[in-house]
Every structure is written in structure tokens, then in C-alpha cells.
Amino acid sequence: AYDPADQQHLIEDVVAQGWEEVLEWPPKPTSAELKQMCKYQASRKLAETDYTQLPDAENALANKADFDTYRSQIRAIFNNPVENPTWPTPPNAVWK
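Before going into details, it helps to say that this report is about the structure given with it. (Residues numbered from 1 in each chain as written. Predicted model: local features only at pLDDT ≥ 70, side-chain atom pairs only at ≥ 80, totals over all residues. Heavy atoms only, no water.)

### Examining the overall build of the protein chain
- Within the protein chain one finds 4 helices and 0 strands.
- Reading the protein chain from its N end, one meets helices and strands in the order α-α-α-α.
- Taken against the 2.2 N^0.38 rule, which gives 12 Å for 96 residues, the C-alpha radius of gyration of the protein chain at 24 Å runs more than 25% over that of a compact globule.
- Principal-axis analysis of the C-alpha atoms gives the protein chain an extent of 75 × 30 × 20 Å.
- Across the 96 residues of the protein chain, 18% fall into the buried class.
- At a minimum sequence separation of 6, the contacts of the protein chain that also span at least 24 residues come to 61%.
- Total accessible area on the protein chain is roughly 7,600 Å²; 53% of this is exposed by carbon and sulfur atoms.
- Distance between charge centroids for the protein chain: 18 Å, based on 9 positive and 15 negative side chains. (Helix = DSSP H or I, 4+ residues; strand = E, 2+ residues; numbered from the N terminus. Rg over C-alpha atoms; globule rule 2.2 N^0.38 Å. Buried < 20%, exposed > 50% of the residue type's maximum accessible area, 1.4 Å probe, protein only. Contact = heavy atoms within 4.5 Å. Areas by Shrake-Rupley, 256 points an atom, 1.4 Å probe, with all protein chains shown as cover. Lys, Arg positive; Asp, Glu negative; His and termini not counted. Charge placed at Lys NZ, Arg CZ, Asp CG, Glu CD.)

Right, dumping it as C-alpha cells:
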């Protein structure tokens, strides 16, 4: 038979051994995890605009400089990740 007192005893034993009680689920990400997610998102944003760096893009994109600026801003965030980044707005491709 289930006895809640037994369950509580098990929980107290585990906490006494150094385990912390989980007060919320899922637990909030740590600062390091948030910064790692920031780097991952920055990598994805760079990958989404990789096509603008191909040799033909110079002649095909009217606003290639906008993409260069955007990618520079994303790289800065990647190199110095923060917990809650403010992402620049990606430019829309304007083809010649």
C-alpha cells in the first residue's frame, strides 16, 4: 500500500545527500546555458544569410552591404554571448 510518509522519507534522504529540491519544472536555464543558446541562435542566423557571401552575390544583391553589416552584428553577439540578446533585424534581399 502507498504511504505518503514513506515517500516523504525518501525525499528527505535524497536531499540530505546533497540533492537540491526541484521547486519548479522545468528548471530555469543557467547563465551558461542561456549564453550557449545565444551562440547557437547566432550561428543559425549566420547560416541563414550565408548565401549573401557567395561570389555571385556581389553582383546579384543590390543591398549586399546591408547583409555585411547585419552579419557583423550577429558575429559580435556570437563572440560575446549574452543571456537575453537583442537581435538586429535581418535585411530583405534586394536583387539587381
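### Concerning helix 1 (residues 4-16)
- In a regular helix each residue adds 1.5 Å, so 13 residues correspond to 18 Å; helix 1 covers 18 Å between its end C-alpha atoms and thus fits that length.
- Of the residues one or two after helix 1, Gly18 is the one with positive phi, at around 110°. (Expected span 1.5 Å × (residues − 1).)

### Section: the side chain of Thr52
- Looking at where Thr52 falls in the secondary structure, it is placed in the loop between helix 2 (31-48) and helix 3 (57-60).
- Within the structure, the side chain of Thr52 is placed 2.6 Å from the backbone oxygen of Thr49, a separation counted as a polar contact.
- Apart from residues no more than four positions distant in its own chain, Thr52 is found in contact with Ala57, Leu61, Lys64, Phe67 and Arg71. (Polar contact = N/O pair within 3.5 Å; in protein donor to acceptor, adjacent residues only side chain to side chain.)

### Some thoughts on the packing of helix 2 against helix 4 (residues 64-79)
- The interhelical angle for the contact between helix 2 and helix 4, taken along N-to-C directions, is 160°, at an axis separation of 9 Å. Compared by their axis directions, helix 2 and helix 4 come out roughly antiparallel. The way helix 2 lies across helix 4 gives a crossing that is left-handed. From helix 2, Cys38, Lys39, Ala42, Ser43, Lys45 and Leu46 reach across to helix 4, where they touch Tyr70, Arg71, Ile74, Arg75, Ile77 and Phe78. (Axes fitted to C-alpha atoms, helices over the stretch in contact; angles between N-to-C directions. Parallel < 35°, antiparallel > 145°, perpendicular 65-115°, else oblique. Left-handed = near helix turned anticlockwise from the far one by under 90°.)

Nothing here speaks to function; it is geometry throughout.
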